[in-house]
Amino acid sequence: MAKIDKVLMSGNEAMAEAAICAGCRSYFGYPITPQNELLEYMSAHMPNAGGVFIQAESEIAAINMCYGAAAAGMRTMTSSSSPGISLKTEGISYIAGADLPCVVVNVVRGGPGLGNIAPAQGDYFQATKGGGHGDYHMIVLAPSTIPESVELVMLAFELADRYRGPVMVLADGMLGQMMEPVVLPESIDPATLPAKQWAITGARGREANLVTSFYLDPVELNEMDVRREERYREIEKNEVRYEEYKTEDAEVVVAAFGSMARISRTAVRMARSEGIKLGLLRPISVWPFPYEPLRALSRRVGTILTVEMNAGQMVEDVRLAVAERAETPFYGQLGGLVPSPNDILREVKRYAG
Amino acid sequence: MPVSTENMVRVFGRPESLNESAFSYCPGCHHGVVTRMIAQAIDELNIRERTVVIAPVGCSVSMYQWFRCDGTQAAHGRACAIATGIKRVNPDLIVFTYQGDGALAAIGTAESIHAANRGENITVVFINNQIYGMTGGQMAPTTLLGQWATSCPEGRDGRLAGHPIRFAEMVAQLDAPVYVTRQSLFDQKRLIAAGRAIKKAFRYQVEEKGYSLVEVLTNCPTNWRMGTLEANKHLAEVVVNTFPLGDFVDRG
């Protein structure tokens, strides 16, 4: 049989397959639109890969099953969409507090509340500023295409293990539902991954391993928290990812992530054909956020326009980076509406030339 | 006069699976008895090196630190979901949760019922002392009708605050569980029976039979505002009327 190089997959299916390729052998989830295909794909394919699939009784149970699987040393993942992620935030805080590697996919939909099932980016604050209780961060990776979703799911597992914490892949309803050809990566055999010495595997011939986020003594908790903060500084130093597109000579730059960046790229091409020097800065890691590249850009462009499918969330980070060095307007649509390249171009024209 | 131990035989000692830590329970509390019984069962079944302790939120929050076993600590009510995650990815481990009435029968009802319904091969030890101990004596889902608690100062009124939940009976309605029992500790006979029930629940897991729940009616002298003898009498004469003792399911 000829080797199949490319397969046509929905974003949800591709992210599921990427997790299996990454050596993930346990998935726990609960149905919610628009991420159902991810759970369904796992139910069909995880057992064949020799892994564990459970449709949990709730998102809360699912994330706690991840806690257990991660504590036992297994690569593990859960996925959901906005309201379900709200339920998971308790567990995510415990996972961060117990220094456990875990990948969480959020296929964001319109909110707040039940909102709707259309694509949105209203969970940016929740993803990047904590969401759950206590001082913690997640690495948050925001793909803008399905091939990139595959790449970032693979990376998410690697980073979760390296830094021992939860990593979120922040997609949206559009990325979850649409189909694109993808080239699947080489599969990682979980047996070849480095053993996790801290994991719960039975205290056989060694001291007991304890996995916990509980430190009653404030001095001890402070010590644990400070150590984790140091790890976050390492992450900020090493794991900032972003892409610049036609920014070399740009006079106006659009800052956008995820699906919105993909649409903005078309707007850049349209602007260029009209002689408007527009560029794009696309954060790939929204935490850690690419403050430095934005700071650098703000020294040579007049306007950095942030475009999001929300009421203005990432724009706060853009403004932190830019300070007062450039104009930092915002354009967004709410309710699951998706701005078109024309919408963006019209907005850009208010600031260009 | 000092007593010589030379000709004595050791008949009782600290279980091997416990380390040197002191329990943090109040004097007279039954928690310590149940914790010790678990350690003894682990010793007798020779499973210390395979056992995973899942501590709850509550008076036994530090429990995982007292065993010479791997362990973790669960968010309030989530222990059975965590147990599921651990057991499914590593079925060789012997996984038990130890939970109070708040964790098992209030905030963690969903996790507790569904782990039982899936027949997870885990052991759940349920401490039913009819009160929230560590937070200072608030009403539990198992608080008796008319019983005083800091959050029902006029006594529990079933019309407003619901009725005591009989969790073992609820779980016994499900098809999957292999062993569901309610035990108590108020006299010697009950102590022996409870110890045997706990050991049986662990043995069933070792034998890969499936899910077990051992509910133990226990006291809380501190928050019941009772002496230990009075608390034992209360268990034997009052509490058992709402929570009958015995095996509800034994499919072992």
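**Brief notes about the packing of helix H9 (residues 258–273) of chain A against helix H12 (residues 341–349) of chain A**
All names here are of chain A.
In step 1: Relative orientation of the contacting elements H9 and H12 amounts to 60°, with a least axis distance of 8 Å. Comparing the axis directions of H9 and H12 gives the class oblique. Crossing handedness for the pair H9 and H12: right-handed. On the side of H9, the interface is formed by Met 260, Ile 263, Ser 264, Thr 266, Ala 267, Met 270 and Ala 271, while H12 contributes Pro 341, Asn 342, Ile 344 and Leu 345.
In step 2: Within the contact of H9 with H12, the residues separate by chemical class into eight nonpolar, three polar and no charged.

**Some details on the sheet that holds strand E6 (residues 139–141) of chain A**
All names here are of chain A.
In step 1: Strand order in the open sheet formed by seven strands is E3-E2-E4-E5-E7-E6-E13, and the pairing between neighbours is mixed. The sheet is open, and its two edges are formed by strand E3 (52–55) and strand E13 (285–287), each paired on a single side. The average angle at which neighbouring strand axes cross in this sheet is 20°, direction not considered.
In step 2: Pairing between E6 and E13: two bridges, direction antiparallel.

**Some points on the interface of chain B and chain A**
In step 1: Of the residues lining the interface, 33 residues belong to chain B; the matching set on chain A comes to 34 residues.
In step 2: Summed over the three residues of chain B that lose the most area to chain A, namely Glu 49, Asp 70 and Val 89 of chain B, the buried surface amounts to 24% of that side.
In step 3: Where chain B packs against chain A, one counts three salt bridges.
In step 4: For the interface between chain B and chain A, the tally reads 14 residue pairs in polar contact (both at pLDDT 80 or more).
In step 5: Among the secondary structure elements, those contributing two or more residues to the side of chain B that touches chain A are strand E2 (70–73), helix H2 (79–89) and helix H4 (109–117) of chain B.
In step 6: Here the side of chain B that touches chain A takes seven residues from H2 of chain B, the largest share from any one element.
In step 7: For the side of chain B that touches chain A, the per-class residue count stands at 13 nonpolar, ten polar and ten charged.
In step 8: With two bridges connecting them, strand E9 (residues 210–211) of chain A and E2 of chain B associate as parallel partners. Residue pairing for E2 of chain B: Val 211 of chain A is matched across the bridge by Thr 72 of chain B.

**A closer look at the layout of surface pockets**
Taking a probe equal in size to a water molecule and rolling it over the atoms shows the remaining empty space.
Residues and elements named next belong to chain A.
In step 1: Size it by volume and the largest pocket reaches roughly 340 Å³.
In step 2: Looking at the lining of the largest pocket, the elements that each hand over two or more residues are helix H4 (82–97) and helix H8 (218–238).
In step 3: Considering only residue class, the lining of the largest pocket consists of ten nonpolar, six polar and three charged.

**Overview of the domain arrangement of chain A**
Residue and element names in this part refer to chain A.
In step 1: On domain assignment, one finds that chain A holds domain 1 (7–238) and domain 2 (242–349).
In step 2: Summarising the inter-unit geometry, the C-alpha centres of domain 1 and domain 2 are found 28 Å apart.
In step 3: With 32 residues of domain 1 at the contact, the number on the domain 2 side is 26 residues.
In step 4: For the pair domain 1 and domain 2, the two sides together bury roughly 2300 Å², of which 57% comes from carbon and sulfur.
In step 5: Across the domain 1-domain 2 interface, the total number found is three salt bridges.
In step 6: Ionic pairing is found between Arg 282 and Glu 148, a salt bridge with its closest N-O pair at 2.9 Å.
In step 7: Taken together, the links from domain 1 to domain 2 amount to 18 residue pairs in polar contact (both at pLDDT 80 or more).
In step 8: Mapped onto the side of domain 1 that touches domain 2, the elements with two or more residues apiece are helix H5 (124–128), E6, helix H6 (146–163), strand E7 (166–172), helix H7 (173–177) and H8.
In step 9: By residue class, the composition of the side of domain 1 that touches domain 2 is 19 nonpolar, seven polar and six charged.

**Some words on unusual backbone geometry**
Most of the time, phi is negative for any residue but glycine, and the peptide bond is trans.
In step 1: Following Thr 33 of chain A, the chain continues into Pro 34 of chain A via a peptide bond in cis, with omega recorded as 10°.
In step 2: Checked against the element boundaries, Pro 34 of chain A lands in the loop between strand E2 (26–29) and helix H2 (36–45).
In step 3: Across the junction of Gly 111 of chain A and Pro 112 of chain A, the peptide omega takes the value 0°, indicating a cis bond.
In step 4: Along the chain, Pro 112 of chain A falls in the loop between strand E5 (102–108) and H5.
In step 5: One non-glycine residue, Lys 246 of chain A, lies in the positive phi region at around 55°.
In step 6: Along the chain, Lys 246 of chain A turns up in the loop between strand E10 (242–245) and strand E11 (252–255).
In step 7: You can call Lys 246 of chain A partly exposed: its relative accessible area is 33%.
In step 8: Not every positive phi belongs to a glycine, and Gln 130 of chain B is a case in point at roughly 60°.
In step 9: Relative to the elements of secondary structure, Gln 130 of chain B occurs in the loop between strand E4 (123–128) and helix H5 (158–161).
In step 10: Under the relative-accessibility criterion, Gln 130 of chain B is labelled buried at 0%.

**Thoughts on the pairing of E4 of chain B**
All names here are of chain B.
In step 1: Taking burial as the measure, the six residues of E4 include six buried ones, the bulk of the element.
In step 2: Along E4, one buried face is formed by Thr 123, Val 125 and Ile 127 and the opposite face, lined by Val 124, Phe 126 and Asn 128, is buried too.
In step 3: Here strand E3 (residues 94–100) runs beside E4; their pairing, made up of five bridges, is parallel. In the sheet register, Thr 97 faces E4, and the bridge partner there is Val 124.

**Notes on the state of the cysteines**
In step 1: Applying the stated criterion to the full structure yields zero disulfides over all chains.
In step 2: We note that Cys 102 of chain A lacks a disulfide partner, and the nearest cysteine sulfur, in Cys 66 of chain A, lies 4.2 Å from it.
In step 3: Among the cysteines around Cys 59 of chain B, which has no disulfide bond, Cys 220 of chain B carries the closest sulfur, lying 6.3 Å off.

About the cut-offs
- Along each chain, residue indices are assigned from 1 in the same order as the chain's sequence is written.
- Whichever chain is written first is A, and whichever ligand is written first is 1; the rest continue in order.
- Local features in this predicted model are restricted to residues of pLDDT 70 or higher, and side-chain atom pairs are both shown and tallied only at a pLDDT of 80 or more, whereas totals for entire chains, interfaces and linings draw on every residue.
- Water and hydrogen atoms were dropped before computing side-chain values, which therefore reflect all heavy atoms in the structure.
- For every element, the axis is a line fit to its C-alpha atoms; helices are fit only across the contacting stretch, and the angle between N-to-C directions ranges from 0 to 180 degrees.
- Here a strand is any run of E in DSSP of at least two residues, a helix any run of H or I of at least four, and the numbering for each starts at the N terminus.
- Note on angle classes: values under 35 degrees are labelled roughly parallel, values over 145 roughly antiparallel, values of 65 to 115 roughly perpendicular, and the remainder oblique.
- By the definition used in this description, the sense in which the near helix is turned from the far one sets the handedness, with an anticlockwise turn below a right angle giving left-handed and a clockwise turn giving right-handed.
- Only heavy atoms matter for contacts: two residues are in contact if any of them lie within 4.5 Å across the pair.
- When residues are grouped by polarity, Ala, Val, Leu, Ile, Met, Phe, Trp, Tyr, Cys and Pro land in nonpolar, Asp, Glu, Lys and Arg in charged, and all others, Gly among them, in polar.
- Should DSSP find at least two bridges between two strands, the strands are regarded as paired.
- As a working definition, buried area equals the accessible area (1.4 Å probe) given up by two parts on being put together, with both sides summed.
- Put simply, a salt bridge is a Lys or Arg side-chain nitrogen that is within 4 Å of an Asp or Glu carboxyl oxygen.
- Polar contact criterion, stated in full: a pair of N or O atoms within 3.5 Å, where within protein one must be able to donate a hydrogen and the other to accept it, and residues adjacent in sequence count only if both atoms are side-chain atoms.
- Throughout, the protein atoms alone are placed on a 1 Å grid, and a set of points is a cavity if a 1.4 Å probe fits but cannot get out or a pocket if it is open with protein on both sides within 12 Å along at least five of seven lines; lining residues have an atom within 4 Å of a point.
- Grid points are joined across faces, edges and corners, and a volume is the space filled by probe spheres set on the points.
- In this document the domain limits rely on a domain assignment from an automatic tool or a database.
- Any residue under 20% of the maximum accessible area for its type is buried, any over 50% is exposed, and the rest in between are partly exposed; the area is computed with a 1.4 Å probe on protein chains only.
- A pair of cysteine sulfur atoms is labelled a disulfide when the two atoms are within 2.5 Å.

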